[in-house]
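Fold and geometry: a report
Letter by letter, the chains look like this.
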Amino acid sequence: MMRILVLISGSGSNLQAILDHCASGKIAGDVVGVISNKADAYGLVRAKEAGVATAILAQQQFTSREEYDAALLALMADYQPDLVVLAGFMRILSGDLVRHFAGRMINIHPSLLPKYQGLHTHQRAIDAGDSEHGASVHFVTEELDGGPVILQARVPIFAGDEADEVAARVQAQEHSIYPLVVRWFCEGRLQMVDGAVRLDGALLGPAGYACE
């Protein structure tokens, strides 16, 4: 069974989706730990209710991102993860940490990458007049939200939509595609090779599996 480590900062809804899929046997892995940089993150409650070990590493204890990430890397190593899942972890990770977990760290971003890297993606999509929006699961590289895309899900944007309405639509899709990608990885079907994604040995295009 693959050892999965999840990093969070907030409510942990994607964490919950992954926990549920592990509990049902749909994912051939176990969440062995949840680390948060926020002591009040509700995802910690979700983890404890599932019997998963938790840890808090607050950035206020450190004077630099590099110092924080060195401590985070040491903490993560204690869990001996096969896969690191960023589930709303609201920190930009240093290059050393990202390189350490190259090909073993994934993230979900609420946009159809490469569109709208960074924050406020739903409002930016509305302001641009887009007719669709979505979420992307990608391998993490040193480029912020720039790693190769594994899988995308698309949702419509309707006239008069507010950002929170679009966000809810996107989040519902996130809860489907993130556990699926974790499942692929735990089954040994998914790899990052030379900066590109391979699923079952086949090279995926820029939009990941969604373009097949």
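Going by the structure above, here's the rest.
A brief look at the structure comes next. This structure is a prediction, so every number in the text was calculated from the model and none was measured. (Residues numbered from 1 in each chain as written. Predicted model: local features only at pLDDT ≥ 70, side-chain atom pairs only at ≥ 80, totals over all residues. Heavy atoms only, no water.)

Quick notes on the sheet that holds strand S6 (residues 132–139)
Counted only if it meets this: We treat two strands as partners when DSSP finds at least two bridges between them. Numbered from the N terminus, helices here are DSSP runs of H or I no shorter than four residues, and strands are runs of E no shorter than two. Here an axis means a line fitted to C-alpha atoms, over the contact stretch when the element is a helix, while the angle between two N-to-C directions is reported on a 0 to 180 degree scale. We call two residues in contact when some of their heavy atoms are within 4.5 Å.
If you trace the seven strands from one edge of the open sheet to the other, you get S3-S2-S1-S4-S5-S6-S7, paired in mixed fashion. On the outer flanks of this sheet lie strand S3 (54–56) and strand S7 (149–156), each paired with one strand and no other. Recorded for the sheet is a direction-independent mean angle of 20 degrees between the axes of neighbouring strands. Alignment of strand S4 (residues 83–86) against strand S5 (residues 105–109), held across three bridges, turns out to be parallel. Paired with Leu 86 across the two strands is Asn 107, which belongs to S5. Each of strand S1 (2–8), strand S2 (29–36) and S3 is contacted by helix H2 (residues 42–49), which is oriented at about 155 degrees to S3, the strand it contacts most. Most of the contacts of helix H6 (residues 163–186) go to S7, to which it runs at about 155 degrees, and overall it touches S1, S2, S4, S5, S6 and S7.

Examining the pattern of salt bridges
For clarity, the cut-off: For salt bridges, the criterion is a side-chain nitrogen of Lys or Arg within 4 Å of an Asp or Glu carboxyl oxygen. Exposure categories follow from relative accessible area, calculated using a 1.4 Å probe and restricted to protein chains: below 20% of the type maximum is buried, above 50% is exposed, and the middle band is partly exposed.
Tallied over the full model, the rule gives eight salt bridges. Glu 187 serves as the salt-bridge partner of Arg 189, at 3.5 Å between the closest nitrogen and oxygen. Arg 189 gets classed as partly exposed once you look at its relative accessible area, which sits at 28%.

As for the environment of Ala 196
Within the fold, Ala 196 resides in strand S9 (residues 196–199). Through-space distance from the C-alpha of Ala 196 to that of Gly 103 is 9.9 Å; in sequence the pair is 93 residues apart.

What about the side chain of Ser 111?
As a reminder of what qualifies: N or O atoms within 3.5 Å of each other form a polar contact, as long as, within protein, one can give a hydrogen and the other can take it, and as long as residues adjacent in sequence are counted only when both atoms are side-chain atoms.
Along the chain, Ser 111 falls in the loop between S5 and helix H5 (121–127). Within the structure, Ser 111 has its side chain in polar contact with the backbone oxygen of Tyr 116 (distance 3.5 Å). When neighbours within four sequence positions are excluded, Ser 111 is seen to be in contact with Tyr 116, Thr 121, His 133, Gly 134, Ala 135 and Ser 136.

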